[in-house]
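# Structural description and commentary
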Amino acid sequence: MTDNEHVELTAEEGWLEEKVGATARKLPLLAMPARSELRIRAALDRELTGNQDFGPVLTVEQLARYLQVPTGDIHEQLAELPAFEFAGEVRFLRASIDEWIHEREKRFRRQLLETSVRTDRILRLA
Amino acid sequence: MDELTDGELMVMFKHGRREAFAVLFGRYRDHVWSYLRRLLGDAGAAEDLTQDTFLAVIRSRGTYEPRAPFAAWLFRIATNAARSHFRRGERMTVHTLAEDDPKVEPVAALERPEDCAYGSELSAAFEEAVSELPGALKEVFLLHQVHGLGDGEVAHALDLAPASVRVYLHRARKALYERLRPLLGDLKESRTDD
């Protein structure tokens, strides 16, 4: 069957679709776990608050304030950050920084989960 | 503010009213979560991508144009996030909901007692069958049948022609029926006996 093919239903197929559709409509929405919702709300709040304090392009000093770390840390870890140079000045696109932060969040969460799994295994062995 | 349409809320949010976004988040939080949870079969990934989806809404509010319904636009973002996730190869293993996370709770329980009589067995089998649908069929089926999007909205969300939506929906229902024939057949007989 191609995507453009007209779908004609036999009486039996119509009945089948009606039954499957009726069952599907009873499939409930799943409630987001409270811990997930808290984490997501915190990330959304950070994004909304950041939008008020900073423009789309950040200086080194602004990024340090944004990440709440010393300016020296930004210079030290410049190679790891999504930065660009213009007229001899280093700048950061805030959207790229936000993306970088979210990727690090995911990596950190995975590390925590792995650590937790390893700890569980050690405790079971002990 | 609850009585405002999604489009009206987005326009307010575009003009700086953060409380409008809070209403939209409350309205669609469980929809996006459920969709991604069933699409990905992984609670951790569903959480990450639900967050990414709403972050994208915040970042794109300046360019939002209410040409398509908000729900279609939102699910388009969520679907693209899920497809990128699969492309990155971050998919772990396909689990059914029951074995992956027993703590998952439905927002609304089945309403009628007669539904509950066959509901638990059928629901579990149905969840498992849906989880095993091929990606495109699962996307269409979930958006249309579970989240209530119309053909045009599903077409916009998935970047498909409306005619293709009908074809995919038909294929999905057929595949599900083939899988659940004994249970759905029993359902027909029990209703006839009543």
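Residues numbered from 1 in each chain as written. Chains lettered and ligands numbered in written order. Predicted model: local features only at pLDDT ≥ 70, side-chain atom pairs only at ≥ 80, totals over all residues.

### What about the overall build of chain A?
How we decide: In this description a helix means any DSSP run of H or I spanning at least four residues, a strand means any run of E spanning at least two, and both kinds are numbered starting from the N terminus. Exposure in this text rests on C-beta crowding, where 20 or more other C-beta atoms within 10 Å of a residue's own make it buried, 12 or fewer make it exposed, and counts in between make it partly exposed. The C-beta atoms are placed from the backbone. Note that contacts rest on C-beta atoms placed from the backbone: two residues are in contact if these are within 7 Å.
The helix and strand inventory of chain A stands at 5 helices and 3 strands. Helices (α) and strands (β) of chain A occur, in sequence order from the N terminus, as α-α-β-α-α-β-β-α. The buried share of chain A, taken over its 126 residues, is 12%. In chain A, the share of contacts with a sequence separation of at least 24, taken over all contacts with a separation of at least 6, comes to 39%.

### Topic: the overall build of chain B
On a plain count of helices and strands, chain B comes out with 9 helices and 0 strands. Reading the helices (α) and strands (β) of chain B from amino to carboxyl end gives α-α-α-α-α-α-α-α-α. Among the 194 residues that make up chain B, the fraction classed as buried is 40%.

### Let's talk about the pairing of strand β2 (residues 83-86) of chain A
Residue and element names in this part refer to chain A. For the record, the criterion: Two strands pair if DSSP finds at least two bridges between them.
Pairing of β2 with strand β3 (residues 89-93) involves 4 bridges; the strand directions are antiparallel. Each residue of the ladder has a partner; that of Glu85, found in β3, is Val90. If you look at the hairpin formed by β2 and β3, you'll find 2 residues sitting between the two strands, and Ala87 has a positive phi there, around 50°.

### Here we look at the sheet that holds β2(A)
Residue and element names in this part refer to chain A. Rule in force here: Axis definition: a line fitted to C-alpha atoms, limited for helices to the stretch in contact. Angles are taken between N-to-C directions and run from 0 to 180 degrees.
Spatial ordering of the open sheet is given by β1-β3-β2, a layout of 3 strands whose pairing is antiparallel. A strand with exactly one partner marks an edge of an open sheet, and here the two such strands are β1 (57-58) and β2. Contacting β1 and β3, helix α5 (residues 94-125) runs over the sheet at an angle of about 65° to β3.

### Description of α5(A)
Spelled out, the test is: Any helix carries an expected span of 1.5 Å times its number of residues minus one.
Between its terminal C-alpha atoms α5(A) stretches 46 Å, which fits the 46 Å expected from 32 residues at 1.5 Å a residue. Burial within α5(A) is sparse, with just 2 of its 32 residues counted as buried.

### Things to note about helix α4 (residues 70-87) of chain B
All names here are of chain B. If you check α4, its first and last C-alpha atoms are 26 Å apart, about what 18 residues at 1.5 Å a residue would give, namely 26 Å. Where α4 is concerned, the buried positions are Phe70, Ala71, Trp73, Leu74, Phe75, Ala78, Thr79, Ala81, Ala82 and His85. The inward-facing, buried residues of α4 abut α1 (6-14), α2 (18-40), α3 (43-60), α7 (135-146) and α8 (151-158). One or two steps after α4, the chain reaches Gly89, where phi turns positive at roughly 75°.

### Points about unusual backbone geometry
Residue and element names in this part refer to chain A. Positive phi, normally seen in glycine, also occurs at Gln68, with a value near 55°. Its place among the elements puts Gln68 in the loop between α3 (60-67) and α4 (71-76). The phi angle at Ala87 is positive, at roughly 50°, despite the residue not being glycine. Among the secondary structure elements, Ala87 is positioned in the loop between β2 and β3. Note on Ala87: 5 C-beta atoms within 10 Å, which makes it exposed.

### Here's the deal with the nonpolar core
Residue and element names in this part refer to chain B. Going by this rule: Any nonpolar core is a set of buried residues, restricted to Ala, Val, Leu, Ile, Met, Phe, Trp, Tyr and Cys, that join up through C-beta atoms within 7 Å. Segmentation into domains, and thus their bounds, comes from an automatic or database assignment.
Of all hydrophobic cores here, the largest spans 57 residues; its most connected members are Leu36, Leu74, Ala78 and Val140. The residues that make up this core include at least three from each of domain 1 (1-103) and domain 2 (110-194). Ignoring anything within four residues of it in the chain, the contact list for Ala78 reads Val32, Tyr35, Leu36, Leu49 and Thr53.

### Quick notes on the environment of B:Leu24
All names here are of chain B. Looking at where Leu24 falls in the secondary structure, it is placed in helix α2. Residue classification places Leu24 among the partly exposed positions, given that 19 C-beta atoms sit within 10 Å. C-alpha of Leu24 to C-alpha of Asp6: the two residues are 18 residues apart in sequence and 6.9 Å apart in space. Sequence-distant contacts of Leu24, that is, excluding residues within four places in its chain, are made with Asp6 and Leu9.

### Some words on the packing of α2(B) against α7(B)
Any two packed helices are characterised by the angle at which their axes cross and by the distance between the axes. All names here are of chain B. As a reminder of what qualifies: Angle categories are assigned with fixed cut-offs, so that under 35 degrees is roughly parallel, over 145 is roughly antiparallel, 65 to 115 is roughly perpendicular, and the rest are oblique. When the near helix sits turned anticlockwise from the far one by under a right angle, the crossing is termed left-handed; a clockwise turn instead gives a right-handed crossing. Lys, Arg, Asp and Glu make up the charged group, whereas Ala, Val, Leu, Ile, Met, Phe, Trp, Tyr, Cys and Pro make up the nonpolar group; the residues left over, Gly among them, are polar.
At a minimum axis separation of 10 Å, α2 and α7 run at an interaxial angle of 155°. Judged on the interaxial angle alone, α7 and α2 are roughly antiparallel. Where α2 crosses over α7, the two elements pack in a sense that is right-handed. Along the contact surface, α2 presents Tyr35, Arg38 and Leu39, while α7 presents Lys138, Glu139 and Leu142. Here the residues of the contact of α2 with α7 sort into 3 nonpolar, no polar and 3 charged.

### So, the confidence of the model for chain A
All names here are of chain A. As a reminder of what qualifies: Note: pLDDT gives the predictor's confidence per residue, expressed from 0 to 100.
With 85% of its residues at a pLDDT of 70 or more, chain A has an overall mean of 80. Looking over chain A, one finds the lowest element-wise mean pLDDT in helix α1 (residues 11-25), namely 72, and the highest in β2, namely 93. Long-range and interchain partners of residues 1-6, a stretch whose pLDDT sits below 50, account for 5 contacts in this model, where long-range means more than four residues apart.

### Focus: the packing of α7(B) against α8(B)
All names here are of chain B. Two elements in contact, α7 and α8, have axes separated by 10 Å at closest approach and are oriented at 140°. One element, α7, and the other, α8, form an angle in the oblique class. Two packed elements cross with a definite hand, and for α7 against α8 that hand is right-handed. Here Glu139, Val140, Leu143 and His144 of α7 lie close against α8, whose contacting residues are Val154, Ala157 and Leu158. Here the contact of α7 with α8 is composed, by residue class, of 5 nonpolar, 1 polar and 1 charged.

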